[in-house]
Amino acid sequence: MEMTLIKVHGSMNTFYMFETDERDDFAQLAIQLSALDKDIDGILAILPSSVAHAKMRVFNNDGSEASMCGNGLRCVARYVCERDGVQEAVVETMKALLRVKREETLNEGIETYAVEISPVSFSLSSLPMSYEGHKEWIQKPLPFVSEEIPFSAVAVPNPHLIGIVPPVLQKDTSHQQKWAEYFNGDNEYFSDGVNVSYVTPLEEGIFVRTFERGVGFTNACGTAMTASALVSCMAGLVPYGDVAVYNPGGMVKCSVARKGDDIRLQLTGNATYLSTHKFDWTGNKEESGMLSSEPLDEQDRYEQFIEQISTFSKQFV
């Protein structure tokens, strides 16, 4: 079967995106494409929806399905809005119907979209996480990991464990990698694994590095950046409102509003198209392959943007 793929990224979190009907073998496709292209973190399937403009399904490069992807959703938002000729749309995800809209550009020539991140839960059962019978874990050390790092567990709806760390633990990622690999292997705390992010305050915003469940270290994880912005506001590192979140792949803006238990989150950033491809998918890895590829010119503008904002994050990258 011949498919049209668009290679896209949000903050260098990179995917092959395509429009199709529902199938039961997307996991196999994600594994095949990831074997062909080591740069991608997974695939984005855009499907028909009876309750929204479109439905999004996300599969990591190991074939596991994610309930949400903020960076991927921005790219899907662009596709759907351009396809339907609208400025705003609603996209169905595994756990919620999410509002998306085209925004003023982050930088000249960069397509920029804002997406709702929801639902939010601090209940450990939502991740799930099991630790000594606790129902929540917010801004407290996990003593068996570190007595110095305050951790928070939150689902948005992907599961996240977020630690606030000093710069030394951003420059040397071995501590984060050790515990992220442990929590995503056979362990007693996270039965389904967890995204592990380390957050460090900057003069302007925060820096976030994420070890993503099913992927490993990634240039950026949209739900992780948004959850990290929320935790940073709760910890008093930054004020509520718009938070600049820097990452190895660039920068996004996370809007955090809270009134009691009502939390509203929005993620704004680039939705960049890298190339278009014709792919022959046979279901057999040895027989499948790219038929053609055509590069696009959007990445040059994004790299110029990265160069402009690099003074804030280059110390960690």
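The rules we used
Residues numbered from 1 in each chain as written. Predicted model: local features only at pLDDT ≥ 70, side-chain atom pairs only at ≥ 80, totals over all residues. Heavy atoms only, no water. Helix = DSSP H or I, 4+ residues; strand = E, 2+ residues; numbered from the N terminus. Rg over C-alpha atoms; globule rule 2.2 N^0.38 Å. Buried < 20%, exposed > 50% of the residue type's maximum accessible area, 1.4 Å probe, protein only. Contact = heavy atoms within 4.5 Å. Areas by Shrake-Rupley, 256 points an atom, 1.4 Å probe, with all protein chains shown as cover. Lys, Arg positive; Asp, Glu negative; His and termini not counted. Charge placed at Lys NZ, Arg CZ, Asp CG, Glu CD. Salt bridge = Lys/Arg side-chain N within 4 Å of Asp/Glu carboxyl O. Core = buried A, V, L, I, M, F, W, Y, C linked by side-chain atoms within 4.5 Å. Phe/Tyr/Trp six-rings, centres within 6.5 Å; stacked < 30°, edge-to-face > 60°. Lys NZ or Arg CZ within 6 Å of the ring centre and 35° of its normal. Pairing = 2+ DSSP bridges. Polar contact = N/O pair within 3.5 Å; in protein donor to acceptor, adjacent residues only side chain to side chain.

### Notes on the overall build of the protein chain
(1) Moving on: Within the protein chain one finds six helices and 19 strands.
(2) Moving on: Here the C-alpha radius of gyration of the protein chain, 19 Å, is about what a compact globule of 317 residues would show, namely 20 Å.
(3) Moving on: Projected onto its principal axes, the C-alpha positions of the protein chain cover 55 × 45 × 40 Å.
(4) Moving on: For the protein chain, buried positions account for 55% of its 317 residues.
(5) Moving on: Within the protein chain, contacts between residues separated by at least 24 positions form 62% of all contacts whose residues are at least 6 apart in sequence.
(6) Moving on: Surface summary for the protein chain: the accessible area is close to 13,500 Å², and the carbon and sulfur share equals 46%.
(7) Moving on: The distance from the centre of the 26 positive side-chain charges to the centre of the 44 negative ones in the protein chain is 4 Å.

### Some points on the pattern of salt bridges
(1) Moving on: One pass over the full model with this rule turns up 15 salt bridges.
(2) Moving on: For lysine 55, the salt bridge is made with glutamate 22, and the minimal N-O distance between the two is 3.4 Å. Residue lysine 55 is found in strand β4 (residues 54–60), and its partner glutamate 22 is found in the loop between β2 (13–19) and α1 (26–36); the two are separated by 33 residues along the sequence.
(3) Moving on: Residue classification places lysine 55 among the partly exposed positions, given a relative accessible area of 22%.
(4) Moving on: For glutamate 22, a relative accessible area of 42% translates into the label partly exposed.
(5) Moving on: With its nearest N and O atoms 4.0 Å apart, the salt bridge here joins aspartate 297 to arginine 301.
(6) Moving on: The exposure class of arginine 301 is partly exposed, given its relative accessible area of 28%.

### Structural notes on the nonpolar core
The tendency in soluble globular proteins is for nonpolar side chains to be buried as a group.
(1) Moving on: Within the largest apolar cluster, 52 residues are counted, with the highest numbers of intra-cluster contacts made by Val8, Met17, Leu44, Met56, Leu73, Val76 and Val245.
(2) Moving on: Val145, Ile149, Trp179 and Ala180 belong to the second largest nonpolar core, which has 23 residues in total.

### Structural notes on unusual backbone geometry
(1) Moving on: That bond from serine 118 to proline 119 is cis: its omega, -5°, falls within 30 degrees of zero.
(2) Moving on: Look at serine 11: it is not a glycine, yet its phi comes out positive at around 55°.
(3) Moving on: Mapped onto the elements of the fold, serine 11 is located in the loop between β1 (2–10) and β2.
(4) Moving on: Backbone geometry at glutamine 139 places phi at a positive 55°, although glycine is not the residue there.
(5) Moving on: Inspection of the secondary structure assignment puts glutamine 139 in the loop between β8 (112–117) and β9 (140–141).

### Some words on the environment of glutamine 176
(1) Moving on: Locating glutamine 176 in the fold gives a position in helix α4 (residues 174–183).
(2) Moving on: When the C-alpha positions of glutamine 176 and serine 228 are compared, they lie 15 Å apart, and in sequence the two are 52 residues distant.
(3) Moving on: Not counting residues within four places of it along the chain, the set of residues in contact with glutamine 176 comprises Val196, Ser197, Tyr198, Arg209, Thr210, Phe211 and Phe217.

### Notes on the packing of aromatic side chains
(1) Moving on: Inspection of the entire model under this criterion finds 17 aromatic pairs.
(2) Moving on: A ring pair is formed by tyrosine 131 and phenylalanine 144, whose centres lie 5.7 Å apart and whose planes are at 50°; its orientation type is tilted. One end of the pair, tyrosine 131, is in the loop between β8 and β9; the other, phenylalanine 144, is in the loop between β9 and β10 (150–155), and 13 residues separate them in sequence.
(3) Moving on: Residue classification places tyrosine 131 among the buried residues on the basis of a relative accessible area of 8%.
(4) Moving on: We classify phenylalanine 144 as partly exposed; its relative accessible area is 29%.
(5) Moving on: Seen from their ring centres, tyrosine 182 and phenylalanine 183 are 5.6 Å apart, and the 55° between their planes marks the pair as tilted.
(6) Moving on: Each residue in the set Tyr131, Trp137, Phe144, Trp179, Tyr182, Phe183, Tyr189 and Phe190 is aromatic and connected to the rest through ring pairs, giving one cluster.
(7) Moving on: Stacked on the ring of tyrosine 273, the Lys or Arg arginine 78 has its end atom at 3.8 Å from the ring centre.

### Side note on the pairing of strand β7 (residues 97–102)
(1) Moving on: Across five bridges, the pairing between strand β6 (residues 88–92) and β7 is antiparallel. Bridging across to β7, glutamate 88 finds its partner in lysine 101.
(2) Moving on: Following β6, the chain reverses through four residues before pairing antiparallel with β7.
(3) Moving on: The sheet contact formed by β7 and β8 spans three bridges and is antiparallel. Paired with arginine 102 across the two strands is tyrosine 113, which belongs to β8.

### Things to note about the side chain of aspartate 37
(1) Moving on: Summarising the element assignment, aspartate 37 is placed in the loop between α1 and β3 (42–47).
(2) Moving on: With a relative accessible area of 11%, aspartate 37 lands in the buried category.
(3) Moving on: A distance of 2.8 Å separates polar atoms of two side chains, one belonging to aspartate 37 and the other to lysine 7.
(4) Moving on: Setting aside its immediate chain neighbours within four residues, aspartate 37 contacts Lys7 and Tyr16.

By themselves these figures say nothing about function.
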